[in-house]
Amino acid sequence: MESKKKGVNTICTHVGAVEDKLFKGAISPLYMSSSYAFQDVDTKRYPRYFNTPNQEALAKKIAMLEHCDAGLIFGSGMAAISTTAMAFLQAGDHIVLQGDIYGGTYSLVVEQFNKFGIEYSFTEGLEASDFEEKIKSNTKVIYVETPSNPLLKITDLRMVSGLAKKHGLISMIDNTFASPINQIPSKFGIDIMIHSATKYMGGHSDMCAGAVACSKESIDKIFHLAKNLGGSLSDYTVWLLERSMKTMGIRVKAQNENAQRMAEFLNTHEDIDTVYYPGLPSHPGHEVAKTQMKGFGGMMSFELREDLDADLFQKSLQLIKASMSLAGVESTVLSPAQTSHTLLGAEERKNRGISDGLIRFSVGIEETEDLIVDIEQALAKVKSKTSVATR
Ligand SMILES: *Cc1c(COP(=O)(O)O)cnc(C)c1O
């Protein structure tokens with residue numbers, strides 16, 4: 001594909017646009033039709049067949065960003081994850097998943113897979129031995145997520161693809177946190193890349209979408225199930241996502257830089273205990289991250305000093321908003337114990353190192369000076385309350 005040689009921002013801006021042949025407008029026209037004239041048996045256009053002009057065009061952009069031949073756009077990240085996983089699994093098969101994984105994916109597996117007769121195992125850790133000890137004769141898929149949510153743990157992608165080849169498995173990654181700007185897993189031999197496009201691809205906290213990129217052969221397999229399950233994305237949102245992705249490269253680059261600065265600030269702050277950010281040399285995954293990521297991303301987590309009220313801290317922030325989602329241009333925080341990881345239960349959260357006071361921080365594109373002022377004023381409020389309480 002000659003356009004594979006184009007730079008990443010050029011792909012973001014230009015690839016996969018729908019040409020406006022009629023008026024020569026600068027941007028893709030939006031085709032909202034849910035009904036198209038019959039062409040032939042192989043090209044029946046219909047939104048649930050994932051093949052309207054806007055859907056097909058955007059899939060090309062995502063495929064090219066992931067250095068893959070083909071892509072599909074879904075109605076949500078979970079539609080992409082569930083459809084893709086189930087496309088490669090049937091009753092009697094087994095899947096090995098990384099233990100640290102997005103809460104919704106964990107729920108999908110533990111709440112639904114049993115009834116389809118699909119067996120699963122979660123790894124204890126992220127080393128090769130942790131994965132290998134779970135692989136069985138009926139294992140078909142190995143599924144990872146790196147950096148992980150919420151502790152930003154790093155899984156070695158070369159190790160994962162090596163295991164997949166050795167045992168004849170399909171390897172899948174949830175590449176949402178890194179985005180294709182920071183990490184191209186196919187370069188390290190991973191077969192299938194999945195995204196919640198709700199996050200960095202959308203980037204403005206105003207849509208819900210998902211995406212998959214892989215070989216044409218695998219896309220055909222995923223599509224076969226996708227048209228049955230019906231998780232396609234409305235053309236209006238496809239169009240909005242294409243618009244958003246034009247700036248993904250520069251947004252994510254700004255978020256990388258801001259996050260690095262904020263991580264260094266928090267890491268040396270006397271009121272902050274621990275910072276989890278793969279861009280810090282002290283992070284256990286830093287060395288591996290350097291070999292597989294072009295930037296360390298905009299996500300991190302941190303813990304306040306134990307005597308400080310993490311809840312009150314989050315409520316005292318003014319510029320940085322509390323938010324369930326992440327990866328928008330605006331900075332947000334969330335308490336995993338109270339939101340995304342409640343389902344795990346206190347015991348399991350403790351096992352995984354997710355403390356009740358852990359704060360997940362999605363760094364936006366604001367000036368870091370303003371973010372620092374906001375954090376300082378919130379800490380000051382918390383400390384004044386703490387000293388009153390202990391007096
Ligand atoms: C948000 C998210 C998902 C789920 O995506 P939806 O668009 O909400 O369905 C999956 N994986 C990760 C890492 C996420 O952050």
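All of the points below concern the structure found in this document. Per chain, residues are indexed from 1 in the order of the written sequence. Per-residue local features of the predicted model are confined to residues with pLDDT of at least 70, and side-chain atom pairs are confined, for both listing and counting, to 80 or more; whole-chain, interface and lining totals are unaffected and use all residues. As a convention, hydrogens and water are excluded, and side-chain values are obtained from all of the structure's heavy atoms.

Whether a residue is buried, partly exposed or exposed follows from its accessible area with a 1.4 Å probe, protein chains only, as a fraction of its type maximum: under 20%, in between, or over 50%, in that order. We count a stretch as a helix when DSSP gives it H or I for four or more residues in a row; a strand needs E for two or more, and each element gets its number in order from the N terminus. The buried count for strand β6 (residues 192-196) comes to five of five residues, which makes it a mostly enclosed element. Burial of β6 is two-sided: the residues Ile 192, Ile 194 and Ser 196 facing one way and the residues Met 193 and His 195 facing the other way are all buried. Two strands pair under a simple rule: DSSP has to find at least two bridges between them. Where strand β5 (residues 170-174) meets β6, three bridges bridge the pair, whose relative direction is parallel. Bridge pairing in β6 links Ile 173 to Met 193.

With that out of the way, let us pick up the nonpolar core. Counting residues in each nonpolar core, the largest one holds 46 residues, and the members touching the most others are Ile 62, Ile 73, Met 201, Leu 241, Met 245 and Met 248. Secondary-structure elements contributing two or more residues to this core are α1 (8-14), α2 (53-65), β4 (139-145), α6 (157-167), β7 (210-214), α9 (235-245) and α10 (248-267). Both of domain 1 (8-245) and domain 2 (249-389) provide at least three residues apiece to this core. Contacts between residues were defined by any pair of non-hydrogen atoms, one from each residue, lying within 4.5 Å. Apart from residues no more than four positions distant in its own chain, Leu 241 is found in contact with Leu 58, Ile 73, Ala 197, Met 201, Gly 202, Met 207, Ala 209 and Leu 233. What makes a nonpolar core is a set of buried Ala, Val, Leu, Ile, Met, Phe, Trp, Tyr and Cys residues whose side-chain atoms join them at distances within 4.5 Å. Boundaries between domains were set according to an automatic or database domain assignment.

One open sheet holds the five strands; their spatial order is β8-β9-β12-β11-β10, and the pairing between them is mixed. One side of each edge strand has no neighbouring strand; the edge strands of this open sheet are β8 (272-276) and β10 (321-322). The pairing of strand β11 (residues 332-334) with strand β12 (residues 358-362) spans three bridges and is classified as antiparallel. Bridging across to β12, Val 333 finds its partner in Phe 361. Taken strand by strand, α10 contacts β8, β9 (299-304) and β12, and its axis lies near 15° from that of β9. A fitted line through C-alpha atoms serves as each axis, taken over the contacting stretch for helices, and the angle formed by two N-to-C directions is quoted from 0 to 180°.

For a regular strand, the rule is simple: side chains alternate between the two faces of the sheet. Burial analysis of β7 places five of its five residues in the buried class, which makes it a mostly covered element. Of the two faces of β7, the one lined by Gly 210, Val 212 and Cys 214 and the one lined by Ala 211 and Ala 213 are each fully buried. Strand direction decides the pairing type here: strand β1 (residues 70-74) and β7, joined by five bridges, are antiparallel. Considered in β7, the bridge of Ala 70 is made with Cys 214. Relative to β7, β6 runs antiparallel, the two being bridged by four bridges. Paired with Met 193 across the bridge in β7 is Ala 213.

Glancing now at the packing of aromatic side chains. Side-chain rings of Phe, Tyr and Trp (the six-membered ring for Trp) are treated as a pair once their centres are within 6.5 Å; stacked means planes under 30 degrees apart, edge-to-face means over 60, and tilted covers the remaining angles. Across all of its chains, the model carries eight aromatic pairs by this definition. Considering the side-chain rings of Phe 50 and Phe 74, the 5.2 Å spacing of their centres and the 65° angle between planes classify their relative orientation as edge-to-face. Taken together, the residues span a long stretch of sequence, with Phe 50 in the loop between α1 and α2 and Phe 74 in strand β1 at a distance of 24 residues. According to the relative accessible area criterion, Phe 50 is buried, its value standing at 5%. Accessibility expressed as a relative area gives 0% for Phe 74, which makes it buried. Residues Phe 302 and Phe 313 carry aromatic rings whose centres are separated by 6.2 Å and whose planes lie at 80° to one another, so their mutual orientation is edge-to-face. With a gap of 11 residues between them, Phe 302 in strand β9 and Phe 313 in helix α12 (residues 310-316) connect regions that are remote in the sequence. Whether a charge sits over a ring comes down to the Lys NZ or Arg CZ being within 6 Å of the ring centre and within 35 degrees of the ring normal. Over the aromatic face of Phe 223 sits the side chain of Lys 227, whose NZ or CZ is 5.8 Å from the ring centroid.

Another point: the packing of α2 against α9. Interhelical geometry of α2 versus α9 gives an angle of 35° and a closest axis separation of 9 Å. Here the hand of the crossing between α2 and α9 comes out left-handed. The residues of α9 that touch α2, namely those facing Asn 54, Gln 55, Leu 58, Lys 61, Ile 62 and Leu 65, are Asp 235, Val 238, Trp 239, Leu 241, Glu 242 and Met 245. Helix crossings get a hand from a simple test, with the near helix turned counterclockwise from the far one by less than a right angle marking a left-handed crossing and a clockwise turn marking a right-handed one.

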